Amino acid sequence: MNQNILLVQPKFPIPSKSLNHKDFLPIPLLKIASYHKTLNNTLHLIHGKVNVDFEPDLIYITSLFTYWQQEFWDTVNYYRTLFVDTPINVGGIYVSLFFENSEFQKKCAELNVNAIKGTVEDFEKSAPDYGLIDVDYQIIHASRGCKRHCPFCGVWKIEPDFIPKESIKDEIVKNKLVFYDNNLLANPFIEEILKELVDLKVNGRNVYSESQSGFDGRLLTLKIAKLLKKAKFIIPRIAWDGPYKDWKKIKKQINVLCKAGYKSKEISIFMIYNSDYSFEEMESKRKKCFEFGVQIADCRNRPLTQEFDNYNGNIEQTPNDYYINKEKSWTDIKVKQFRKNVRRQNICIRNNHKFHSSKLERKRIPKSDYSKIISLPKDEIKKKLPDAWWPDIDC
Ligand code: SF4
């Protein structure tokens, strides 16, 4: 029987230009769409609360981070009010992490929605239906889950089994791939998978890849790094979750990538801040990255149980607005200062500049003038550019 299936991605607080950003694509909904197409159903993918002009037979609503649950529940409420009797299935990250929470289950019962925890085999077997969205890249999973159990991570709670694939080449339909694997290099078939990508062409053109998560540097050998380069993996990222004293290990991992042919400024180091290490220790890690000549992909920590996040980088805020790790002496000022420092440092790395200033960033200073300015003593530079900031000096 032909049924109308409504797939809903709530309107999360992301800029509208990022709606189809590779970090926010509703892949589970696209897989559900593929599955329902095999049953001859008609699919409608919508974003946010829309006054749809048909009566759906079944509704799926996805969730994302726990701190965006308000947007999720607003959306569920909206469609429940609009379609009082239509079955509604809800799933995704927040739903899976809060599945056992009694308050969560109570809300589901009140709104008469069916919560789905983790992945569903029938959906997982279906390739995402890219016909429903307009993107030039493809999300791919060469594995699900992760073998490690890092305490701050929800992956092993949502996907407790590590399930690697032996091959992915038959799934590839686009020239840009974004791997959503949580720990791509932990796949025992990673060499075979990378070899599949080396000479792969789609529509007669090369295929380029990137990994959304950082590579687990402990698994990064020179052989793998060379294969990543040959497989045309761009902007490789390594995670530095541990303390400053691990810097020698990180340096080794960066060296492996450089030996494989990557330039240091193409490499990023994933770092979580407002977390287990103080602002001062994070600053030491940041400066070490400047010394290594690599960029930083910084991630502000929000615990897995966090229920809101109203962070605004432009105003003064308190823990009532967003999570601030007071145990490690983080404050609103320190959180914003670290973010600002990382941003300015990354600009210096990308442009081979020794210091940052907004005029330099906006290219208001010709290259020839920069060469002259940089030879001046720092206090002279400060006179010319009062906001000049050096990544390797304490502010
Ligand atoms: S290695 Fe990464 S994905 Fe795996 S548990 Fe740790 S943080 Fe999560």
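Residues numbered from 1 in each chain as written. Predicted model: local features only at pLDDT ≥ 70, side-chain atom pairs only at ≥ 80, totals over all residues. Heavy atoms only, no water.

Student: I'd love a proper account of the sheet that holds strand 3 (residues 58-63), names of residues and values included.
Tutor: The strand order across the open sheet formed by five strands is 2-1-3-4-5, and the pairing between neighbours is parallel. On the outer flanks of this sheet lie strand 2 (42-47) and strand 5 (113-115), each paired with one strand and no other. With strand direction ignored, the average angle separating the axes of adjacent strands in the sheet is 25°. The strands that helix 2 (residues 69-82) touches are strand 1 (4-9), strand 2, strand 3, strand 4 (88-92) and strand 5; relative to strand 3, the one it contacts most, it runs at about 170°. (Pairing = 2+ DSSP bridges. Helix = DSSP H or I, 4+ residues; strand = E, 2+ residues; numbered from the N terminus. Axes fitted to C-alpha atoms, helices over the stretch in contact; angles between N-to-C directions. Contact = heavy atoms within 4.5 Å.)

Student: Requested: an account of the packing of helix 10 (residues 279-292) against helix 11 (residues 332-351), with residues and values cited.
Tutor: Following both chains from N to C, one finds helix 10 and helix 11 inclined at 0°, their axes separated by 11 Å at the closest point. Considered as vectors, helix 10 and helix 11 are oriented roughly parallel to each other. Contact with helix 10, carried on its side by Phe 279, Glu 280, Met 282, Glu 283, Arg 286, Cys 289 and Phe 290, involves Lys 334, Gln 337, Phe 338, Asn 341, Val 342, Gln 345, Cys 348 and Ile 349 of helix 11 and no other residues of that element. (Parallel < 35°, antiparallel > 145°, perpendicular 65-115°, else oblique.)

Student: So what's going on with the domain arrangement of the protein chain? Which residues, and what values?
Tutor: For the protein chain, the domain assignment lists domain 1 (4-122) and domain 2 (130-367). For domain 1 and domain 2, the distance between their C-alpha centres works out to 28 Å. Listed per partner, the contact involves 22 residues of domain 1 and 25 residues of domain 2. Summed over both sides, the interface between domain 1 and domain 2 buries roughly 2000 Å², with carbon and sulfur atoms accounting for 64% of that surface. (Domains from an automatic or database assignment. Buried area = accessible area lost by both parts, 1.4 Å probe.)

Student: Go over the pattern of salt bridges with me, naming the residues and quoting the values.
Tutor: All chains considered together, the criterion is met by 21 salt bridges. In this structure, Asp 216 engages Arg 218 in a salt bridge whose closest nitrogen and oxygen atoms are separated by 2.9 Å. With a relative accessible area of 8%, Asp 216 lands in the buried category. By relative accessible area, Arg 218 is classed as exposed at 58%. With a closest N to O distance of 2.8 Å, Glu 283 and Arg 286 form a salt bridge. Of this pair, Glu 283 and Arg 286 both sit in helix 10, separated by three residues, roughly a single helical turn. For the pair Glu 283 and Arg 286, a shared accessibility class is recorded, and that class is buried. Each of Lys 31, Glu 124, Arg 144 and Glu 159 takes part in salt bridges that share partners, so that together they form one network. (Salt bridge = Lys/Arg side-chain N within 4 Å of Asp/Glu carboxyl O. Buried < 20%, exposed > 50% of the residue type's maximum accessible area, 1.4 Å probe, protein only.)

Student: Lay out the environment of Ser 209 in plain terms, naming residues and giving numbers.
Tutor: Note that Ser 209 resides in strand 12 (residues 208-211). On the basis of relative accessible area, Ser 209 is assigned to the buried category, the value being 1%. Sequence separation of Ser 209 and Ile 139 is 70 residues, and the distance between their C-alpha atoms is 9.8 Å. Setting aside its immediate chain neighbours within four residues, Ser 209 contacts Leu 177, Phe 179, Leu 197, Ala 231, Lys 232, Phe 233 and Ile 234.

Student: Explain the site of the ligand residue by residue, including any values.
Tutor: Near the ligand, the surroundings consist of Cys 146, Arg 148, Cys 150, Phe 152, Cys 153, Trp 156 and Asn 182. Of the residues that constitute the shell around the ligand, the class distribution is five nonpolar, one polar and one charged. (Near = heavy atom within 4 Å. Nonpolar A, V, L, I, M, F, W, Y, C, P; charged D, E, K, R; others polar.)

Student: Talk me through the sheet that holds strand 9 (residues 176-179); I want residue IDs and the actual numbers.
Tutor: Hydrogen bonds between backbone groups are what pair the strands of a sheet, and the pairing can be parallel or antiparallel. The three strands lie next to each other as 6-9-12, forming an open sheet whose pairing is parallel. The outermost strands of the open sheet, each flanked by one partner alone, are strand 6 (138-140) and strand 12. Each adjacent strand pair in this sheet contributes to an overall mean axis angle of 25°, direction not counted. Pairing analysis gives three bridges linking strand 6 to strand 9, with the strands arranged parallel.

Student: Quick rundown of the side chain of Lys 288? Include the residues and the values.
Tutor: By the secondary structure assignment, Lys 288 is in helix 10. Other than its neighbours up to four places away in sequence, Lys 288 contacts Trp 240, Tyr 244 and Trp 247.

Student: Could you give an account of a nonpolar patch on the surface, naming the residues involved and the relevant values?
Tutor: A cluster of nonpolar residues, Tyr 208, Ile 234 and Ile 235, forms a patch on the protein surface that exposes about 260 Å² of accessible area. We classify Ile 234 as partly exposed; its relative accessible area is 40%. (Patch = residues over 30% accessible without salt bridge, like charges linked within 9 Å, V, L, I, M, F, W, Y side chains within 5 Å. Areas by Shrake-Rupley, 256 points an atom, 1.4 Å probe, with all protein chains shown as cover.)

Student: Can you explain the packing of aromatic side chains? Please cite residues and give values.
Tutor: Enumeration according to the criterion identifies 22 aromatic pairs in this entry. Judged by centre distance (6.2 Å) and plane angle (85°), the ring pair of Trp 330 and Phe 338 falls under edge-to-face. On the basis of relative accessible area, Phe 338 is assigned to the buried category, the value being 0%. Between the NZ or CZ atom of Lys 288 and the centre of the ring of Trp 247, over which it lies, the distance is 4.1 Å. The ring of Tyr 311 is capped by Arg 300, whose NZ or CZ atom sits 4.0 Å from the centre of that ring. (Phe/Tyr/Trp six-rings, centres within 6.5 Å; stacked < 30°, edge-to-face > 60°. Lys NZ or Arg CZ within 6 Å of the ring centre and 35° of its normal.)

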